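# Reading the structure
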Amino acid sequence: GENSYADVFAGTVISECGSRLTIAIVPNAPDSGAFSNAVAALDTGNLAYIVRDVSRSWATLTELTNTLASVSWTGQQALGLAIRGFGPDPSTDTVLVTLQSPTAQDLKAIDSEANELGVSHPAASTATYPTLAAQVLTALYGVGFSVAGAYGEPLNLFANHSGS
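Described in the following lines is the structure provided in the data block. (Residues numbered from 1 in each chain as written. Predicted model: local features only at pLDDT ≥ 70, side-chain atom pairs only at ≥ 80, totals over all residues. Heavy atoms only, no water.)

## As for unusual backbone geometry
Working note: non-glycine residues mostly have negative phi, and peptide bonds are mostly trans. Here the phi dihedral of D93 falls at roughly 60°; this positive angle occurs in a residue that is not glycine. By the secondary structure assignment, D93 is in the loop between β4 (83-89) and β5 (94-99). (Helix = DSSP H or I, 4+ residues; strand = E, 2+ residues; numbered from the N terminus.)

Rendered as structure tokens:
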């Protein structure tokens, strides 16, 4: 899908119980009819599937992901973005960003960045941080980003994972 139908295919999501597959497509893209026919011809066995219309293709979500990936870690830090991870998420039709719990420095930096960008926002706090991060990402890079409401654990890239 992502190569042959780059403007149509937007990803797949399997339900938590593994009983249904959702195939996300951009319905008005030039090859959407051909892609829908290809999906209908799939042998899915007993796995039920649904087709969900979205506005962004996998190619578009990947482009947005690469835009955010091009910002260095120190650049993200300077913006007050304590990013834990991010990537295309067809279930939200966005690049989903997961944050670490912000430090006082992160809150000060993102509040300053939001003010500089002219983003109307509440006072920066742990409670408002995800919303504020989404507003800053949109102001900097355009629509197509969403921020998870729950925080991920901080990354420790230098942890000993050998079990010893």
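## Describing the packing of helix α4 (residues 104-117) against helix α5 (residues 129-141)
As a packed pair, α4 and α5 sit with axes 10 Å apart at the nearest point and diverge in direction by 40°. One way to sum up the angle between α4 and α5 is to call them oblique. Seen from above, α4 lies across α5 with left-handed handedness. For the pair α4 and α5, the contacting residues are D106, L107, I110, D111, E113, A114 and L117 in the first and Y129, L132, A133, V136, A139 and L140 in the second. Residues of the contact of α4 with α5, tallied by class, amount to 10 nonpolar, no polar and three charged. (Axes fitted to C-alpha atoms, helices over the stretch in contact; angles between N-to-C directions. Parallel < 35°, antiparallel > 145°, perpendicular 65-115°, else oblique. Left-handed = near helix turned anticlockwise from the far one by under 90°. Contact = heavy atoms within 4.5 Å. Nonpolar A, V, L, I, M, F, W, Y, C, P; charged D, E, K, R; others polar.)

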